[in-house]
Amino acid sequence: MCQTEKFSKAEEVFHWMDEYCTQAIQPGLQRMEWMLDRLNHPERRCKFIHIAGTNGKGSTAAMVSSVLREAGYPTGLFISPYITKWNERIQFDGEAISESSFVHWANVLRPLVEEMKKTEQGAPSPFEFWTLMAICYFALETTPWFIVWETGLGGRFDSTNVVHPLVSVITQIGWDHQEWLGETLSDIAKEKAGIIKPGVPVVCGSGDEEVVQVIRREAETKKSGCYVLNQDFSVELDEVNTTMQRFHFQNIYHSLRGLEIAMMGEHQLRNAATALMTLDILRQGYATVLEPEHIYQGMKKAFWPGRMELVSQHPPIVLDGAHNKDGIQALVSTIKQLYTYDRLLLLTAMMKEKEISSMVVPLAEIADEVITTTVADQPRSLSAEELASEFRKQSSTQVHAISSAREACQWIRERATSRDLCVIAGSLYLVSEVRSLLLDEFQE
């Protein structure tokens, strides 16, 4: 493709991104600031709710977005990674960015990226390009009232951290991406706390005192009000089954009883409480009109694919995007709480940079059979045989290695009975790859 040629479809943009974008994680904001300065800072036109954390970002973002939309506010949503289709990363009022809009903004931004590639800044990463495109799409095309804005890898040096939000939200903090964020929980929390801006209120959804101390200290430094789970707001489970959780919420402003969410697990109750506290800050601090019915209906309708998602009844198959130690522990705890079964069949794939043993051990303890596979077109994925070897080191559970995720799905469906439970977890990339197979191709 020559320099003056325009993109005509998304596939051409992706090929260009492979060629021009730096295919590596690049902490730092200088490239984003360089590009935004040349675009006359479109991000300053927008009202952001900025969400960081190790686990729970996407679910919390979905709940906040759902309530705001229920209340009639045009709402943008930026997430990472996608589960079903590439354009889900950027959404406006629940609809993914169209291919025509994606191509349009890629054509607008392309000369800027190619110019920057020749400077000392170098080229942006694909995630930086996506972030820039989201800002342009929201600020210059759809103009939502609110934008729910999820970080990628970290916080302080994450490309999303070029915005000045109405409220900063930090969900559950755990061990992940230590090579970038630090080796201790305090180090990781400090990086996530980098999204806190002077005078901007902060909601902390972590119950870990070590994390809370870091968040509070950063908030005090920035003179930002700080609202902490189990101190300034709380959640209490009322009733649970495999499709719904009913709970009560209370904070410094009011209490709400009998709320329901369709996302399962104790960790989702914490995410729900974090979302509700965030919404109350918008209500109290920014004159956002949210009636009780908006909150009840918005929470009930909130959905996040691939999080304890029951995608089949015969046999029962649960998809969960757990991809680090804390996520796996939450998954195991939720399964024990909600399900009874004769056998648990686990299909899993994992990325090479993860702490594999800390994920394998709890999974092996609940699994009667393990099927390992490899994520297609993902060079970071462990091979099926490598992962199977890790399970065999840690457990005597029967393990089968099947390199194709499609064949692994077929294998597990053919062997599972209605009295078994099939769980697919270990990587969001795996969940993304198999979800459409299970919902579309393999349905009777």
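Residues numbered from 1 in each chain as written. Predicted model: local features only at pLDDT ≥ 70, side-chain atom pairs only at ≥ 80, totals over all residues. Heavy atoms only, no water.

### Details of the layout of surface pockets
Note the threshold: A 1.4 Å probe that fits but cannot get out identifies a cavity on a 1 Å grid over protein atoms alone, an open set with protein on both sides within 12 Å along at least five of seven lines counts as a pocket, and a residue lines either if it has an atom within 4 Å of a point. Grid points are joined across faces, edges and corners, and a volume is the space filled by probe spheres set on the points. Counting from the N terminus, the helices are the DSSP runs of H or I reaching at least four residues and the strands are the DSSP runs of E reaching at least two.
By volume, the second largest pocket amounts to about 390 Å³. Lining the second largest pocket we find 20 residues, and of these R69, Q91, G94, F303 and W304 sit closest to its centre. Top element by residues in the lining of the second largest pocket is helix α3 (residues 57-70). It accounts for 5 residues.

### Let's talk about the sheet that holds strand β8 (residues 226-228)
Stated precisely, the cut-off is as follows: When DSSP finds two or more bridges between a pair of strands, those strands are recorded as paired. Any two residues whose heavy atoms approach within 4.5 Å are treated as being in contact. Fitting a line to C-alpha atoms yields each axis, with helices limited to the stretch in contact; the angle taken between N-to-C directions then spans 0 to 180 degrees.
Sheet architecture is open: 8 strands sit in the order β4-β3-β2-β5-β1-β6-β7-β8, paired in mixed fashion. In the strand order of this sheet, the two ends are held by β4 (95-96) and β8, each with one partner. In this sheet, β4 lies alongside strand β3 (residues 90-92) in antiparallel orientation, the contact comprising 2 bridges. From the neighbouring strand, F92 faces β4, where its bridge partner is E95. Each of β6 (167-170), β7 (202-204) and β8 touches helix α8 (residues 209-221); the most contacted strand, β8, lies at about 165° to it.

### Digging into the domain arrangement of the protein chain
Put simply, the rule reads: Note that domain bounds follow an automatic or database assignment of domains. What counts as buried area is the accessible surface, traced by a 1.4 Å probe, that two parts surrender upon association, with contributions from both included. Whenever a carboxyl oxygen of Asp or Glu lies within 4 Å of a side-chain nitrogen of Lys or Arg, that contact is scored as a salt bridge. N or O atoms within 3.5 Å of each other form a polar contact, as long as, within protein, one can give a hydrogen and the other can take it, and as long as residues adjacent in sequence are counted only when both atoms are side-chain atoms. Note on residue classes: Ala, Val, Leu, Ile, Met, Phe, Trp, Tyr, Cys and Pro are nonpolar, Asp, Glu, Lys and Arg are charged, and everything else, Gly too, is polar.
We note that the domain assignment places domain 1 (10-301) and domain 2 (309-442) within the protein chain. Carbon and sulfur atoms make up 53% of the surface buried where domain 1 meets domain 2, a total of about 1,500 Å² over both sides. The interface formed by domain 1 and domain 2 includes 0 salt bridges. Counting across the domain 1 and domain 2 interface gives 3 residue pairs in polar contact (both at pLDDT 80 or more). Broken down by secondary-structure element, the contributors of at least two residues to the side of domain 1 that touches domain 2 are α6 (178-181), β9 (233-240) and α9 (266-285). Of the residues assigned to the side of domain 1 that touches domain 2, the class counts are 8 nonpolar, 10 polar and 3 charged.

### A look at the packing of α3 against helix α10 (residues 292-301)
Where we set the bar: With respect to orientation, any angle under 35 degrees is reported as roughly parallel, any angle over 145 as roughly antiparallel, any angle of 65 to 115 as roughly perpendicular, and every other angle as oblique. Note on convention: near helix rotated counterclockwise from far helix by under a right angle means a left-handed crossing. Clockwise means right-handed.
For the pair α3 and α10, interaxial distance at closest approach is 8 Å and the crossing angle is 135°. Taken together, the axes of α3 and α10 are oblique relative to one another. Both α3 and α10 take part in a crossing whose hand is right-handed. Facing α3, whose interface residues are M63, S66, V67 and E70, α10 presents H294, I295, Q297, G298, M299 and K301. When grouped by side-chain class, the residues that make up the contact of α3 with α10 number 4 nonpolar, 4 polar and 2 charged.

### Looking at helix α7 (residues 185-192)
The line we're drawing: Note on exposure labels: buried denotes an accessible area under 20% of the residue type's maximum, exposed denotes more than 50%, and partly exposed covers the range between, all computed with a 1.4 Å probe on protein chains only. It is the directions from the helix axis to the C-beta atoms whose arc is reported.
Within α7, the full set of buried residues consists of L185, I188, A189, E191 and K192. Buried residues of α7, viewed axially, fall in a sector of 160°; they line one side.

### Thoughts on the UniProt feature "domain: Mur ligase C-terminal" (unreviewed entry) in the protein chain
We apply this condition: UniProt positions are given in the numbering used here, feature names are shortened, and annotations may be inferred rather than shown by experiment.
Mapped onto this structure's residue numbering, the UniProt feature "domain: Mur ligase C-terminal" (unreviewed entry) falls at residues 306-427. In residues 306-427, the share of helix is 39% and the share of strand is 22%. The end C-alpha atoms are 10 Å apart.

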